[in-house]
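So the chains spell out like this:
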Amino acid sequence: MCDSAPAAAKAGWYPTPVHGSERYWDGVRWTEMFRQAQVGRPRPIGEGVTSAAST
């Protein structure tokens, strides 16, 4: 058994299940900020994206 917590993902834009959309992770939790996916740059796989609604 390990006593240390897993490292959190870096803050940044991560892809959502909705094609062409990204959501901002602030390093602690998902924000309500969405944007159209940026073309031409690699994107990390975002885990924990549960909402496809945009504001």
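Let me sum up the structure you'll find in this document.

Reading the values: the criteria
Residue numbers here run from 1 along each chain, matching the order of that chain's written sequence. Note on the predicted model: pLDDT of at least 70 is required for a residue's local features to be given, and 80 or more for side-chain atom pairs to be given and counted; whole-chain, interface and lining totals, by contrast, use all residues. Based on all heavy atoms of the structure, the side-chain values leave hydrogens and waters out of the count. The numbering of helices and of strands both runs from the N terminus, where a helix is a DSSP run of H or I of at least 4 residues and a strand a run of E of at least 2. The buried label applies to any residue whose accessible area, calculated with a 1.4 Å probe on protein chains only, is under 20% of its type's maximum; exposed applies above 50%, and partly exposed to all values in between. The contact rule is simple, with two residues in contact once any of their heavy atoms fall within 4.5 Å. For two strands to count as paired, DSSP must find a minimum of two bridges between them. Between N-to-C directions, angles cover 0 to 180 degrees, with each direction set by a line fitted to C-alpha atoms, over the stretch in contact for helices. The term polar contact refers here to a pair of N or O atoms within 3.5 Å; inside protein, the definition further demands a hydrogen-donor-capable atom paired with an acceptor-capable atom, and it admits residues adjacent in sequence only when both atoms are side-chain atoms.

Helix and strand counts for the protein chain come out as zero helices and three strands. For the protein chain, the proportion of its 55 residues judged to be buried stands at 24%. In the protein chain, the share of contacts with a sequence separation of at least 24, taken over all contacts with a separation of at least 6, comes to 18%.

Let us now look at the sheet that holds strand β1 (residues 12-15). Taken in spatial order, the three strands make up an open sheet running β1-β2-β3, and their pairing is antiparallel. For this open sheet the edge positions go to β1 and β3 (30-36), each flanked by a neighbour on one side alone. On average, each strand axis in the sheet is inclined to that of its neighbour by 35 degrees, with strand direction left out of account. Where strand β2 (residues 21-25) lies against β3, four bridges are found, and the strand directions are antiparallel. Paired with serine 21 across the bridge in β3 is glutamine 36.

Next up on the list: the side chain of threonine 31. By the secondary structure assignment, threonine 31 is in strand β3. If near-sequence neighbours (up to four positions away) are discounted, threonine 31 is found in contact with Arg23, Tyr24 and Asp26.

Along the polypeptide, glutamate 32 turns up in strand β3. Judged by its relative accessible area of 47%, glutamate 32 falls in the partly exposed class. A distance of 3.0 Å separates a polar atom in the side chain of glutamate 32 from a polar atom in the side chain of arginine 23.

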